[in-house]
Amino acid sequence: MVKGFDVLVAGAGPAGCAAAAVLASRGLRVGLADRAAHPRFKLCGGLLTAKTMQALARIFGLGEADLVSRGGLFHKTNNYFFHHAGRELTRGVAAEPFRFIDRAAFDALLHASALARGAVPLPGREVAACDAAAGTLTFRDGETLSAQLIIGADGANSVVRRAVGVDKTAWRGGLAAAIEVELPVGGGPGWFPREVPAPELHVGAPNVPMAGYGWVFPGPRGAKVGICGLTRGLSRLSRSGARGERPFSAIFRDYLAMLGVERPESVPLRGHPLPYGNALARPYAGRLLLAGDAGGFVEPLFGEGIFYAIATGAHAATAVLRAFSRGGNASDVVGIAGIAAREYQGLLDRTVRPEFVWSNRLRWGLFFAMRHFGAAPIKGFVRAAPGPLAEMVHGRRSFRLLRPKTWEWGAELPG
Ligand SMILES: Cc1cc2nc3c(=O)[nH]c(=O)nc-3n(C[C@H](O)[C@H](O)[C@H](O)COP(=O)(O)OP(=O)(O)OC[C@H]3O[C@@H](n4cnc5c(N)ncnc54)[C@H](O)[C@@H]3O)c2cc1C
């Protein structure tokens, strides 16, 4: 049994790898546990924004060339399209490119980077329970490991999150259902009928819940087609407003048909929940901090999660480092845990949370306007501010009324 970790990280996706990379590079003994072994599949559109590239450079020392050679980067483009009810509404050219990666290769590269910095891999270790007060993780095989602090980064279906005592109803209320498939491009049943050179966002498609949207992205092996939507919004916000709506899988097949996919019923579907406006107010308890999807840290308008996973993983690690350095005596665990939680909350309050508050307002404003006035408000909004909108997504502007950013992501990381 491996003993003597300062910090245990549960989950080796972008959040867990970022946390482990920051901590291990500062000399802490970090165990990085995941139920899978990399490379592993993760359902995802694989779109990276400019702020993600900044974070990758700052935290992992990775640049575009690394992503191309080892991180599954297969496409980049500055173009984007907005569609409403199947018709192109508007298109734009962003000042900075959108990049597309294959998640299996990308996550494996982040994992390798964290290990290169000294994190100890614990692959094939599925966490079954976390005791936040004791600082332990118990694995499915029955073994229990302890550490002074724990970072829970085990994704949207987090097991570790249970130790924080989350209000399940509120959590589920902000959880979107998401379905995504990758289709080969060409003619024939189950194929996507055209090339996809740039990302497309689809709103107002028949039956797609209005508290959600669809996308078509370039994929490494074809076209990635997906939808996400708040399931509680299915009856409340869908077109008909009627109860007993079609199941989400049927809605997805309607969407495929609208996009021109023949025999959509022949396409095998894959789904995964997406936190969509349910970032936890207190993502910590005892010796535990939650990062990434486990804490609900996904941006509530576009559903971007990779950047926020990396950012909150790094924030959690920064909070831990501050706690160890300010807590002084390592045996003063209550002091260390208290400082880590306070520092983490402070970092989130200064960076991620204000952005989420404003993106959430924008989202409900747009959904409300679309419900009552159709495509016109979206069209007006997107056409009036195409440049600032893209800058907002890339992290150059704030979601707060599209104001220029006055702070840099990553500036708060220890040098
Ligand atoms: C359909 C879909 C499309 C998306 N498209 C995009 C996109 O284009 N761009 C974008 O930025 N975001 C996108 N997202 C969001 C993004 O995928 C997530 O926000 C991001 O992966 C979160 O990273 P994470 O590290 O928190 O969790 P994850 O990436 O989910 O990693 C969690 C890790 O924990 C492990 N794990 C889980 N349970 C346990 C356990 N019990 N014990 C041990 N290990 C465990 C898993 O194996 C996994 O490696 C999309 C999400 C979905 C569902």
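Being a predicted model, the structure only gives us computed values, none of them experimental.

Next up on the list: the overall build of the protein. Scanning the protein for helices and strands turns up twelve helices and 16 strands. In terms of C-alpha radius of gyration, the protein reaches 21 Å, essentially the compact-globule figure of 22 Å for 415 residues. Counting only C-alpha atoms, the protein reaches 60 × 45 × 45 Å along its principal axes. Evaluated residue by residue, the protein yields a buried proportion of 59% over its 415 residues. Partitioning the contacts of the protein with sequence separation of at least 6, the portion at a separation of at least 24 is 71%.

Below, the discussion takes up empty space enclosed by the protein. Applying the stated criterion across every chain, the model contains three cavities of 30 Å³ or more. What lines the largest cavity is a set of 14 residues, among which Phe82, Val203, Leu301, Phe302 and Leu366 lie closest to the centre. Considering each element in turn, the lining of the largest cavity owes the most residues, three residues, to helix H11 (residues 376–384). Classifying every residue of the lining of the largest cavity by side-chain character gives 13 nonpolar, one polar and no charged. The residue makeup of the lining of the largest cavity includes at least three contributed by each of domain 1 (5–74 + 102–169 + 279–371) and domain 2 (175–275).

What follows deals with the site of the ligand. Near the ligand, the surroundings consist of 36 residues, among which Asp34, Gly45, Val127, Asp293 and Ile306 are the closest. Between Arg103 and the ligand, the recorded distance is 3.0 Å, taken from a side-chain N or O atom to an oxygen atom. Between the ligand and Gly305, the relevant distance is 3.1 Å, taken from a nitrogen atom to a main-chain nitrogen or oxygen of the residue. Here the ligand, which alone exposes 1000 Å², has 95% of that area covered by the protein. Across the shell around the ligand, the residue classes tally to 16 nonpolar, nine polar and eleven charged. Two domains share the shell around the ligand, each providing at least three of its residues, namely domain 1 (5–74 + 102–169 + 279–371) and domain 2 (175–275).

Looking now at the sheet that holds strand S5 (residues 87–101). Across the sheet, which stays open at both edges, the eight strands sit in the order S3-S5-S4-S11-S12-S13-S10-S14 with mixed pairing between neighbours. With partners counted over all chains shown, the strands left at the sheet margins are strand S3 (47–48) and strand S14 (271–275), one partner each. Across five bridges, strand S10 (residues 175–183) lies against S14 in antiparallel orientation. Paired with Ala176 across the strands is Leu274, a residue of S14. Strand contacts of helix H12 (residues 386–394): strand S4 (73–84) and S5, with the helix running at about 35° to S5, the strand carrying the most contacts.

Turning our eyes to something else, we now look at helix H4 (residues 103–116). Relative to the 20 Å expected for 14 residues at 1.5 Å per residue, H4 spans 19 Å between its end C-alpha atoms, a close match to the ideal helical length. Those residues of H4 that fall on the buried side of the exposure criterion are Arg103, Phe106, Asp107, Ala108, Leu109, Leu110, His111, Ser113 and Ala114. Regarding H4, its N-cap is Asp102, as a side-chain oxygen of that residue lies 3.2 Å from the backbone nitrogen of Ala104 further along. Backbone geometry just after H4 places Gly118 at a positive phi near 115°.

Scoring rules and cut-offs
- Residues numbered from 1 in each chain as written.
- Predicted model: local features only at pLDDT ≥ 70, side-chain atom pairs only at ≥ 80, totals over all residues.
- Heavy atoms only, no water.
- Helix = DSSP H or I, 4+ residues; strand = E, 2+ residues; numbered from the N terminus.
- Rg over C-alpha atoms; globule rule 2.2 N^0.38 Å.
- Buried < 20%, exposed > 50% of the residue type's maximum accessible area, 1.4 Å probe, protein only.
- Contact = heavy atoms within 4.5 Å.
- 1 Å grid on protein atoms, 1.4 Å probe; cavity = no way out; pocket = protein on both sides within 12 Å on 5 of 7 lines; lining within 4 Å.
- Points joined across faces, edges and corners; volume = space filled by probe spheres on them.
- Nonpolar A, V, L, I, M, F, W, Y, C, P; charged D, E, K, R; others polar.
- Domains from an automatic or database assignment.
- Near = heavy atom within 4 Å.
- Polar contact = N/O pair within 3.5 Å; in protein donor to acceptor, adjacent residues only side chain to side chain.
- Areas by Shrake-Rupley, 256 points an atom, 1.4 Å probe, with all protein chains shown as cover.
- Pairing = 2+ DSSP bridges.
- Axes fitted to C-alpha atoms, helices over the stretch in contact; angles between N-to-C directions.
- Expected span 1.5 Å × (residues − 1).

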